[in-house]
Amino acid sequence: MRARARLLAVKPDPPTVERSSAEAKLVATERRLRRERLARREAETIAERATRVLYDKQQELVLLEAVVLASNESATVGDALQGAVTAVCAHTTWPVGHAYLRDTASGDLVPTSSWHVPESDQFEAFRGMTEQLTFAAGIGLPGRVLATGTAAWITDVAIDANFLRQDLGVRGAFAFPIRADGEIAAVLEFFTASAVAPDSSLLEVTDQIGRQLGRVVERIRAQEQVVHQATHDGLTGLANRLVFRDRLELVLARAERSGSFAALLFLDLDRFKAINDTLGHSAGDQLLRDVSGRLKAALRATDTLARFADEEFTVARFGGDEFVVLCEGLAAEGDAVRVAQRIQRALLRPFVLGRYEHLVTASIGIALASAEHGDAESLLRDADVAMYRAKERGPGLWEVFDERIRNRALERVRIEQALQKALEAGELLLHYQPIVALGDGTLDSVEALVRWQHPERGLIPPEKIIPIAEESALILEVGEWTLRAACEQASGWRRRFGDRAPLPVSVNVSARQLAQAELPAMIRRVLGETGLAAADLAIEITETALIEDSSVPAATLRELKALGLKIVLDDFGMGYSSLSHLQQFPIDVLKVDRSFVAQLGTEADDGAIVRAIAAMAGALGLEVVAEGVETPEQAAQALALGCGWAQGFHFARPVPPAEMESLIGSPGGRVTRLPQRSSP
Amino acid sequence: MKGVVFNLLERLVARDFGEDTWDALLDASGLDGAYTSLGSYPDEDFVRLVHAAADILAMPADDVLVWLGRNALPVFAEHYPQLFEPHHSTQSFVLTLNDIIHPEVRKLYPGADVPEFDFRLHEQGLAMGYRSPRKMCSFAEGLLLGAAEHYGERLTIEQPLCMKRGDDRCVLELAFSR
């Protein structure tokens, strides 16, 4: 106070003059001066206030403009939030801003990467803490905003009981909500290093920012939904083929650089069609959703082995019951198999569809990305091929694609193309195998078997042709050709041999043909065109064809039966159909599978299976044919066990029509033992 | 310099030394003394008034600035309580200079050319850097003393660096106690 004391010391004494008119004038002038000064100060105060309001409004406009600009330029919600955080920090000159997004599942606020922090590490600890926290309604500053739906201001967080991130360098704080589609979608929070009293005009602006950003969030969400719908499977939410292909190409390029392994798993549910057909499409859809959920869970679960740490998976649905899994970052090629096993384990638990539990397995084909598998297309194809190979071996298995499979696939494609040409060039022909009445050894009927007279390879048997044809639509053409040729032949024999003709002629019909709704119409047409009576035709179907698809064939078979032809169940005993299952089908004849017949007469077999089949067939009023009879002992046993008819090399191999005719023409027509001779 | 600072000087001189003293300062400086708070006036005018006060009051010009700052602070506290109320210590208040107080000054007086501060907290207290072409660190010193009085604290100030002595910035070492 030294200076003050000295200053006071020099304060001049008040003047001591007598009151006079001059003095009165002076007093009046001083009063006038005071009035003027007061008026000036008031004018200045008004002007200052107006200047401040104007300044604030201008700044608010600048802020709003910045927010609008940033949000218009934003392609993602994250960009829009970041733009707003930056603009608010620039406006307030507060150093820290951050945006939370509302998690749609939990409803909590989760931290995002939208931050504004100074370059120095002054608020690093605060940021680190914030990034570890999620806030439920009512908890902390963001939770308060979420609970009340309005902005909140904390003058000093250090003396606020409901502020969690204490002693991390922030003091003044405020936060406000962003609403989209009627709900809080995000919360923005801002901090400064010192305590600051609430600023009501700022809170008003944040209200406008919240509305603006809300509209942006709604717009971007709508866009994202459109994009999501275009890139994801609507049923399961998994990526679709489009996205998966992109991802696959990216991963292949990356795997090449990183030296880690990538693998593609192709999954196909076993018996999906049966479930879909018997339980209905909604149950089928439910199963696909459940399977997708199990896949995601199985691939998300971190394996206890550390080597899985770098693995990443992309799951997609290609349509139907086809799923694909892309594995990247595998440490070794064998890990792809482990992934397949993990998936198959995840499917072991039964699926509850409707009121019952169902066991569902998947066949998995695995293709490993390697130098030769540079492109996505061939990797997808190979995984697909391996999957089919796995399925062929049985349900619930996996198969790794390798060169052998590739060659087999290539071979198959070659045969398929050649078979197509063969059909056009008339290289297919039919041989006929006699079916003999075991009681008296007479020729009873024949089975028509397709042969391919290949110009270079010679005669190719049906076992090589049919499986390949069955995988493509060729089976329909081959099937129709076979039926027509057999009917023509049978019609000719009926005219030529009358009652001695070995009819009906049995023609094999595949599962795929059976699934064709127009099959009965086609058969009726062929019968009409060839002049063959329906009673002279039998169609043979395999037991597995009935199991694979239970609803369609029953109706089709009844329609065929109504035409007047016989229905033969081929290879019986190989499927797992129960008696009650078979009863729904109008079957006339059972053919006991050759594997049971082959065991007859051996020491291990007492003929129980064949006897049981024959007894069962008898109870159902079905005829029984023993297939693959190769020895006199087997023929005798088959007869003894209750089979009325037999077919096999013991009696005759399949023979060309001319040979068949000489057999028909032979005196007595007995076929006790035909000369063993190989086909030309 | 903004007219509001001239007004402040006028108001405090008139309050403590009488209006005649203010007239005497204007006469000695050769200035007409018509300053409105929102107007801007040459820095030179203010320097001349401070030097005239130093002459008439027979004290160093820096002491005039310390006195001005110390007595200006209660005026500020009365006019802008919202800047003071959130704080319970001088240091917490002082740390808001760059981020809160001066931005507020600019809102009231567009174009105000406020000094730049930097702060370093250490064990003994707060080192406050000051940088302004006006080199009015003494005014800042007075305001700091006034702020300490406002918060009921004792403040000792040492000044290891000063622009007037040729340093590129002033540093005020502040030590607070209750």
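Note: the structure precedes this text.
Residues numbered from 1 in each chain as written. Chains lettered and ligands numbered in written order. Predicted model: local features only at pLDDT ≥ 70, side-chain atom pairs only at ≥ 80, totals over all residues. Heavy atoms only, no water.

Enquirer: Sorry if this is basic, but what is going on with the sheet that holds strand E4 (residues 172-180) of chain A here?
Expert: The pairing of strands in a sheet happens through backbone hydrogen bonds and is either parallel or antiparallel. All names here are of chain A. The five strands are arranged E2-E1-E5-E4-E3 in an open sheet whose pairing can be described as antiparallel. Lying at the two open borders of the sheet, with one neighbouring strand each, are strand E2 (109-116) and strand E3 (152-154). Sheet twist, expressed as the mean angle between neighbouring strand axes with direction ignored, is 20°. Here strand E1 (residues 96-102) pairs with strand E5 (residues 183-192) via six bridges, running antiparallel. The partner of Tyr-100 across the bridge, within E5, is Val-187. The strands touched by helix H3 (residues 77-92) are E1, E2, E4 and E5; relative to E2, the strand with the most contacts, the crossing angle is about 60°. Its contacts with the sheet put helix H6 (residues 200-231) on E3, E4 and E5, and the angle it makes with E4 is roughly 40°. (Pairing = 2+ DSSP bridges. Helix = DSSP H or I, 4+ residues; strand = E, 2+ residues; numbered from the N terminus. Axes fitted to C-alpha atoms, helices over the stretch in contact; angles between N-to-C directions. Contact = heavy atoms within 4.5 Å.)

Enquirer: What am I meant to see in the side chain of Asp-270 of chain A here?
Expert: All names here are of chain A. Turning to its location among the elements, Asp-270 is positioned in the loop between strand E6 (261-269) and helix H8 (272-279). There is a polar contact of 2.5 Å between the side chain of Asp-270 and the side chain of Ser-363. Leaving out residues up to four positions away in the same chain, Asp-270 has contacts with Thr-361, Ala-362, Ser-363, Lys-391, Pro-395 and Gly-396. (Polar contact = N/O pair within 3.5 Å; in protein donor to acceptor, adjacent residues only side chain to side chain.)

Enquirer: Quick question: what am I supposed to make of the environment of Ala-90 of chain A here?
Expert: Looking at where Ala-90 of chain A falls in the secondary structure, it is placed in helix H3. Between the C-alpha atoms of Ala-90 of chain A and Leu-63 of chain A, which are 27 residues apart in sequence, the distance is 8.2 Å.

Enquirer: What is the right way to read the packing of aromatic side chains from this model?
Expert: Each aromatic ring pair is described using two quantities: the centre-to-centre distance and the angle formed by the ring planes. Enumeration over the complete set of coordinates arrives at 21 aromatic pairs over all chains. Ring centres of Phe-117 of chain B and Phe-119 of chain B lie 6.4 Å apart, and the angle between their planes is 25°; this geometry places the pair in the stacked category. The exposure class of Phe-117 of chain B is buried, given its relative accessible area of 10%. The rings of Trp-94, Trp-153, Phe-174, Phe-176 and Phe-190 of chain A are connected pair by pair, giving a single aromatic cluster. Between the NZ or CZ atom of Arg-294 of chain A and the centre of the ring of Phe-351 of chain A, over which it lies, the distance is 3.8 Å. The positively charged end of Arg-653 of chain A is found above the aromatic ring belonging to Phe-649 of chain A, 4.1 Å away from the centroid. (Phe/Tyr/Trp six-rings, centres within 6.5 Å; stacked < 30°, edge-to-face > 60°. Buried < 20%, exposed > 50% of the residue type's maximum accessible area, 1.4 Å probe, protein only. Lys NZ or Arg CZ within 6 Å of the ring centre and 35° of its normal.)

Enquirer: It is not clear to me how the sheet that holds strand E2 (residues 125-131) of chain B should be interpreted in this structure. Could you clarify?
Expert: All names here are of chain B. Taken in spatial order, the four strands line up as E1-E2-E4-E3 in an open sheet, and their pairing is antiparallel. The open sheet has two edge strands with one neighbour each: strand E1 (116-122) and strand E3 (154-161). In this sheet, neighbouring strand axes are inclined to one another by 25° on average, regardless of whether the strands run parallel or antiparallel. Of the strand pairs in this sheet, E1 and E2 are connected by seven bridges, and their pairing is antiparallel. Counted as the bridge partner of Asp-118 is Gly-129 from E2. The strands touched by helix H7 (residues 97-108) are E1 and E2; relative to E1, the strand with the most contacts, the crossing angle is about 150°. Across the face of the sheet, helix H8 (residues 137-150) comes into contact with E2, E3 and strand E4 (170-177) while running at roughly 160° to E3.

Enquirer: I tried to follow the side chain of Ser-506 of chain A on my own but got confused; where do I start?
Expert: All names here are of chain A. Position of Ser-506 among the secondary structure elements: in strand E16 (residues 505-508). You can call Ser-506 buried: its relative accessible area is 4%. What Ser-506 contacts, discounting residues up to four positions off in sequence, is Val-446, Glu-447, Ala-448, Ala-538, Glu-540 and Val-568.

Enquirer: Can you help me understand the interface of chain B and chain A in this one?
Expert: Where interface size is quoted, it is often the accessible area lost as the parts come together. Counting residues at the interface gives 35 residues for chain B, matched by 28 residues for chain A. Summed over both partners, the interface of chain B with chain A buries about 2700 Å², with 55% contributed by carbon and sulfur atoms. When the buried area of chain B at its contact with chain A is split by residue, Phe-17, Pro-86 and Lys-107 of chain B rank highest and sum to 20% of it. The salt bridge partner of Arg-37 of chain A is Glu-10 of chain B, with a shortest N-O separation of 3.9 Å. Applying the counting rule to chain B against chain A returns seven residue pairs in polar contact (both at pLDDT 80 or more). For the side of chain B that touches chain A, the secondary-structure elements that each account for two or more residues are helix H1 (3-17), helix H2 (19-29), helix H4 (61-79) and H7 of chain B. If you tally residues by element for the side of chain B that touches chain A, the top one is H7 of chain B, at seven residues. The class makeup of the residues in the side of chain B that touches chain A is 15 nonpolar, nine polar and 11 charged. (Buried area = accessible area lost by both parts, 1.4 Å probe. Salt bridge = Lys/Arg side-chain N within 4 Å of Asp/Glu carboxyl O. Nonpolar A, V, L, I, M, F, W, Y, C, P; charged D, E, K, R; others polar.)

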